[in-house]
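A closer look at the structure
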Amino acid sequence: MLGLLSFPGERTGYELKKWADSSLRFFYWSPAISQIYAELRRLEELGYAASARSGPEEARAKRRYAITPAGRQALADWACDTADAGPPVLKHGLLLRIWLGHLAEPERLRALVGEHLERTRAELAAVREAVAQAAEVPQWAFPALALRWSERHHLAELALAKALLADLAELAPTGAGAGTGRRQGGGDAPTRG
């Protein structure tokens, strides 16, 4: 939330959600609106954010949030921290289903990969739209870098999904132990260690 608030201007929780959906979700995660408001309240309690209600000129009262100097310092300290950012976390629902492919029909697995390809193509189009919008705003130079990385990531995801389809096509004719319950290999795990 502090990162979203760190750019110039004040924003409502709804505006922060829209911005997270059109940028952060492509490379990190986009919080639910309830999480946004809970976090904004917490940030206010810490003195990292401040809010003000809109005036009578707006038909519906809105609360706009902005980062405070203390919040900007806390965020800058975190952003400049030299500690390792840690490995990327991958939670790939499709791959979990592939991993459990011995319980599924090969045709259904191929269909799931096909659906993933379609969804990834749509996401790629959305990323490219976000890249174009960010390129028009000088203050968004660094978000634009992250979005360009996201574009490359989606292109790689398309290539990986196509390769997965090819792998499934090779595996399907042999049945590769599907549903047999037989142990595959000599150990209790597919890797050593």
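Description of the structure in this document. (Residues numbered from 1 in each chain as written. Predicted model: local features only at pLDDT ≥ 70, side-chain atom pairs only at ≥ 80, totals over all residues. Heavy atoms only, no water.)

Turning next to the overall build of the protein chain. Counting secondary structure elements, the protein chain contains seven helices and two strands. Reading the protein chain from its N end, one meets helices and strands in the order α-α-α-β-β-α-α-α-α. A total of 193 residues make up the protein chain; the buried ones form 27% of that total. (Helix = DSSP H or I, 4+ residues; strand = E, 2+ residues; numbered from the N terminus. Buried < 20%, exposed > 50% of the residue type's maximum accessible area, 1.4 Å probe, protein only.)

Using the criterion set out here, one finds three aromatic pairs in the structure. Centre to centre, the rings of tyrosine 28 and tryptophan 29 are 6.1 Å apart; their planes meet at 65°, and the pair counts as edge-to-face. The exposure class assigned to tyrosine 28 is exposed, which follows from its relative accessible area of 64%. Judged by relative accessible area, which is 45%, tryptophan 29 ranks as partly exposed. One aromatic cluster is present, formed by Phe7, Trp19 and Trp140 through successive ring pairs. (Phe/Tyr/Trp six-rings, centres within 6.5 Å; stacked < 30°, edge-to-face > 60°.)

Here we come to the nonpolar core. Side chains of nonpolar character tend, in soluble globular proteins, to be buried together. Ranked by size, the top nonpolar core spans 14 residues in total, and within it Leu2, Leu4, Leu5, Leu16, Leu40 and Ile67 carry the most contacts. Contributions of two or more residues to this core are made by α1 (2-5), α2 (13-21), α3 (33-46) and β2 (63-67). Beyond its immediate stretch of four places on either side in the chain, leucine 40 contacts Met1, Leu5, Gly13, Leu16 and Tyr65. (Core = buried A, V, L, I, M, F, W, Y, C linked by side-chain atoms within 4.5 Å. Contact = heavy atoms within 4.5 Å.)

For helix α7 (residues 141-171), built from 31 residues, the straight-helix expectation of 45 Å at 1.5 Å per residue is met to within 8% by its first-to-last C-alpha distance of 45 Å. If you check which residues of α7 are buried, you get Ala144, Leu147, Ser150, Glu151, His154, Glu157, Leu158, Ala161, Leu164 and Leu168. (Expected span 1.5 Å × (residues − 1).)

With that settled, consider the packing of helix α6 (residues 106-135) against α7. Running from N to C, α6 and α7 point in directions that differ by 165°, and their axes come no closer than 9 Å. Viewed along their axes, α6 and α7 adopt a mutual orientation that is roughly antiparallel. Between α6 and α7 lies a crossing whose hand is left-handed. (Axes fitted to C-alpha atoms, helices over the stretch in contact; angles between N-to-C directions. Parallel < 35°, antiparallel > 145°, perpendicular 65-115°, else oblique. Left-handed = near helix turned anticlockwise from the far one by under 90°.)

So, about the pattern of salt bridges. Inspection of the entire model under this criterion finds seven salt bridges. For glutamate 123, the salt bridge goes to arginine 25, with nearest N and O atoms at 2.6 Å. With glutamate 123 in helix α6 and arginine 25 in the loop between α2 and α3, this pair connects stretches of sequence that are 98 residues apart. Among the ionic pairs, arginine 108 bridges to glutamate 115, the shortest N-O distance being 3.2 Å. (Salt bridge = Lys/Arg side-chain N within 4 Å of Asp/Glu carboxyl O.)

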